[in-house]
Amino acid sequence: MFSVDVGPQYEGERIRKEEYYIELGGPHIPFKGELVTIRGMEEIEHEKVIIIGKDIKDVEEGSSHPLFIQVDIAGEALEKDMEPVFERRIHMYCNYIEGFWHMAQRDEIWLRLHKDSFKKGLNSFNEVGQILMLLFTSELPIIEKIQITFVTDAAKVEEMVLEAIKVYQARDDRLKGLIEEDIEDFYGCTLCQSFAPTHICIITPERMSLCGSVSWLDGKAAYKIDPEGPQFAVMKGELLDPEKYIYSGVNEIVALKSLGKNTVFCLHSVLENPHTSCGCFQAIVFYIPEVDGFGIVHRDFVGESVIGVPFSSLAGEASGGVQQEGYLGIAISYMRSPKFLISDGGLKKIVWLPKAIKESVKDIIPEDLYDKIATEDDAKNVDELMGYLKTTGHPLMA
Ligand code: SF4
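Throughout, a residue's number is its position along its own chain's written sequence, starting from 1. Given that this is a predicted model, residues contribute local features only at a pLDDT of at least 70 and side-chain atom pairs are listed and counted only at 80 or more, while totals for whole chains, interfaces and linings are drawn from all residues.

**A few points about the overall build of the protein**
Then step 1. A run of DSSP states H or I qualifies as a helix once it reaches four residues; a run of E qualifies as a strand once it reaches two. Both are numbered from the N-terminal end. Each helix and strand in the protein was counted, giving ten helices and 17 strands.
Then step 2. The reference for a compact globule is 2.2 Å times residues^0.38; the radius of gyration itself is calculated from the C-alpha atoms. Relative to the 2.2 N^0.38 estimate, which gives 21 Å for 398 residues, the radius of gyration of the protein is 21 Å and therefore close to what a compact globule would have.
Then step 3. Its C-alpha atoms put the protein at 65 × 45 × 35 Å along the principal axes.
Then step 4. Labels follow a simple rule on C-beta atoms placed from the backbone: if 20 or more others lie within 10 Å of a residue's own, it is buried; if 12 or fewer, it is exposed; otherwise it is partly exposed. When burial is assessed residue by residue, the protein has 47% of its 398 residues classed as buried.
Then step 5. For the purpose of contact definition, each residue receives a C-beta atom placed from its backbone, and two residues are in contact when these atoms lie within 7 Å. Put simply, of all contacts in the protein between residues at least 6 apart along the chain, 70% involve residues at least 24 apart.

And the structure:
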């Protein structure tokens, strides 16, 4: 029926640089994204695929392009709050396609199509769309109508990404005021176990999933839609350590889902029993022992971080579902949480941030700390960082 095979056995496939026919999004493409929107029953044409810009078969082998994937769905029982849940399934279902790789989420997506799958005939977004629509409707019968638009036209992608960012922001804002102490259940997600078999995300109102696409409310909605699916309720249980945020219920589920590999999660720490990371994190927190502080580098940062290694090397250290003290994959919005690394000292332990992140979280960094946090312009290595922190009087140097 399709040119290539489709199924969960292809999740976890990697496609190396020399193996791809086409690359879409990724760190070198400034605008890329994906969005699921619930529409009225009459607003969309069921099983229609729209392509705006060049199709796969129209591009040069080995080239990279912008991409926006717009999935429009309709159904009597669908609720607006469910959109992010369906959106995360784009990642899962793309990875079901033989020789098609999808990484990250929202405006950070990165996809590759293997040369072998292109040769087998997967040479159009139309077929990718048909596969995705089949998976969405067969696995999530609550969806009655679906239409998918693939956009590769750079100007249109930029326009759509800028609009989508407003939607992502509005979703994140819904959580304001909700705190861990006020609720009984957290949510868990094991969707990335295909890449990191011992990884589980624990999602609380104050700890967004590290991919940045599953909030506590999204976990709740996902569990409601598909109780047998990859997202589930986690009874938080007893707070065993109020400084390290160790919960009995979290430990139990972490041990169960990691088959005993990990048994304790300190929910808001990088340094002691940190939360595991798969590979979908938006950013990585890394410990810098020379200054007893943390740097953070995001997926789209090009070049070396202040400790002389790029994001990709740090990702190798942090990922794989293994607890790595000193490394933690996070969603950038987690920096906005009042519990952000609270067990390790929180924001005042941050010493280095790329300009792009620093600017995006400017409103939550205390005014008297902002200029004391170095960026790539201020410090390119640890020696320069130490000099900068001393000169500016960063609190860690006091
Ligand atoms: S990063 Fe976590 S929350 Fe996001 S899809 Fe993977 S397991 Fe789920």
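**Digging into the sheet that holds strand β15 (residues 293–298)**
Within a sheet, adjacent strands bond to each other through the backbone by hydrogen bonds, running parallel or antiparallel.
Then step 1. Taking strand neighbours across the sheet as the criterion, the four strands line up as β16-β14-β15-β17 in an open arrangement whose pairing is mixed. Strands at the two margins of the open sheet, each flanked by one partner only, are β16 (327–330) and β17 (350–352). Pairs of neighbouring strands in the sheet enclose a mean axial angle of 35 degrees, with direction left out of account. Strands qualify as paired when DSSP identifies two bridges or more between them. Axes here mean lines fitted to C-alpha atoms, for a helix over just the part in contact, with angles spanning 0 to 180 degrees between N-to-C directions.

**A look at the sheet that holds strand β9 (residues 185–189)**
Then step 1. The strand order across the open sheet built from three strands is β10-β9-β11, with neighbouring strands paired in antiparallel fashion. Two strands lie at the open edges of the sheet, namely β10 (201–203) and β11 (231–235), each paired on one side alone. Averaged over all pairs of adjacent strands, the angle between their axes in this sheet comes to 35 degrees, without regard to strand direction.
Then step 2. Of the pairings in the sheet, the one linking β9 to β11 comprises five bridges and is antiparallel in character. If you follow Phe-186 over to β11, its bridge partner there is Val-234.
Then step 3. In this fold helix α6 (residues 248–257) packs onto β9, β10 and β11, with an angle of close to 135 degrees to the strand it touches most, β11.

**Remarks on the nonpolar core**
Then step 1. As used here, a nonpolar core is made of buried Ala, Val, Leu, Ile, Met, Phe, Trp, Tyr and Cys residues. They are joined through C-beta atoms within 7 Å. The biggest cluster of nonpolar side chains holds 113 residues, and the ones touching the most others in it are Ile-202, Ile-203, Val-250, Ile-284, Ile-296 and Val-351.
Then step 2. No other element matches the six residues that helix α3 (residues 125–139) contributes to this core.
Then step 3. These domain limits were set by an automatic method or by a database of domain assignments. Each of domain 1 (8–173) and domain 2 (180–397) contributes no fewer than three residues to this core.
Then step 4. Beyond its immediate stretch of four places on either side in the chain, Ile-202 contacts Phe-186, Gly-188, Arg-207, Val-234, Val-250, Phe-265, Leu-267 and His-275.

**Digging into the site of the ligand**
Then step 1. Near, for a residue, is defined by distance from a backbone-placed C-beta atom to a molecule or strand, with 6 Å as the limit that must not be exceeded. Neighbouring the ligand are 13 residues; Cys-189, Cys-192, Cys-201, Ser-209 and Cys-211 lie closest to it.
Then step 2. Only Asp, Glu, Lys and Arg are considered charged, only Ala, Val, Leu, Ile, Met, Phe, Trp, Tyr, Cys and Pro nonpolar, and every remaining residue, Gly among them, polar. Residue composition of the shell around the ligand, grouped by class: nine nonpolar, three polar and one charged.

**Considering unusual backbone geometry**
Then step 1. You will see that Glu-47, though not glycine, has its phi angle at about 60 degrees, which is positive.
Then step 2. Residue position: Glu-47 is located in the loop between β2 (33–38) and β3 (48–52).
Then step 3. On the basis of neighbour counts, which here come to 14 C-beta atoms within 10 Å, the residue Glu-47 falls in the partly exposed class.
Then step 4. With phi around 55 degrees, Tyr-245 is a residue other than glycine that occupies positive phi space.
Then step 5. Within the secondary structure layout, Tyr-245 lies in the loop between β12 (239–241) and β13 (246–247).

**What about helix α5 (residues 216–225)?**
Then step 1. Three or more residues of α5 are buried, namely Trp-216, Asp-218, Gly-219, Ala-221, Ala-222 and Tyr-223.
Then step 2. On its buried face, α5 is in contact with α1 (83–94), β9, β10 and β11.

**Section: the domain arrangement of the protein**
Then step 1. Looking at the assigned domains, one finds that the protein contains domain 1 (8–173) and domain 2 (180–397).
Then step 2. Relative placement of domain 1 and domain 2: their C-alpha centres are 26 Å apart.
Then step 3. Those elements that place two or more of their residues in the side of domain 1 that touches domain 2 are α1 and α4 (154–173).
Then step 4. Here the element with the most residues in the side of domain 1 that touches domain 2 is α1; it accounts for five residues.
Then step 5. Residues belonging to the side of domain 1 that touches domain 2 are distributed by class as follows: nine nonpolar, three polar and eight charged.

**As for the environment of Ile-284**
Then step 1. Here Ile-284 is to be found in strand β14 (residues 283–288).
Then step 2. Leaving out residues up to four positions away in the same chain, Ile-284 has contacts with Ile-296, Val-297, Phe-311, Leu-314, Ala-315, Ala-318, Tyr-327, Leu-328 and Gly-329.

**A closer look at α3**
Then step 1. By this rule the span expected of a helix is its residue count minus one, scaled by 1.5 Å. Here α3 contains 15 residues, and its C-alpha end-to-end distance of 21 Å stays within 8% of the 21 Å for a straight helix at 1.5 Å per residue.
Then step 2. Within the sequence span of α3, burial applies to Phe-125, Val-128, Gly-129, Ile-131, Leu-132, Met-133 and Phe-136.
Then step 3. Tucked inside the fold, the buried residues of α3 contact β3, α1, β6 (100–103) and β8 (145–151).

**Observations concerning the environment of Leu-175**
Then step 1. Along the chain, the position of Leu-175 falls in the loop between α4 and β9.
Then step 2. For the pair Leu-175 and Glu-43, spaced 132 residues apart in sequence, the C-alpha to C-alpha distance is 29 Å.
Then step 3. Those residues in contact with Leu-175, other than ones at most four positions away along the chain, are Pro-205, Ser-215, Trp-216 and Leu-217.

**Digging into the environment of Tyr-245**
Then step 1. Residue class for Tyr-245 comes out buried when judged on the 22 C-beta atoms lying within 10 Å of it.
Then step 2. If we skip the residues at most four places from it in the chain, Tyr-245 touches Cys-266, Leu-267, His-268 and Ser-343.

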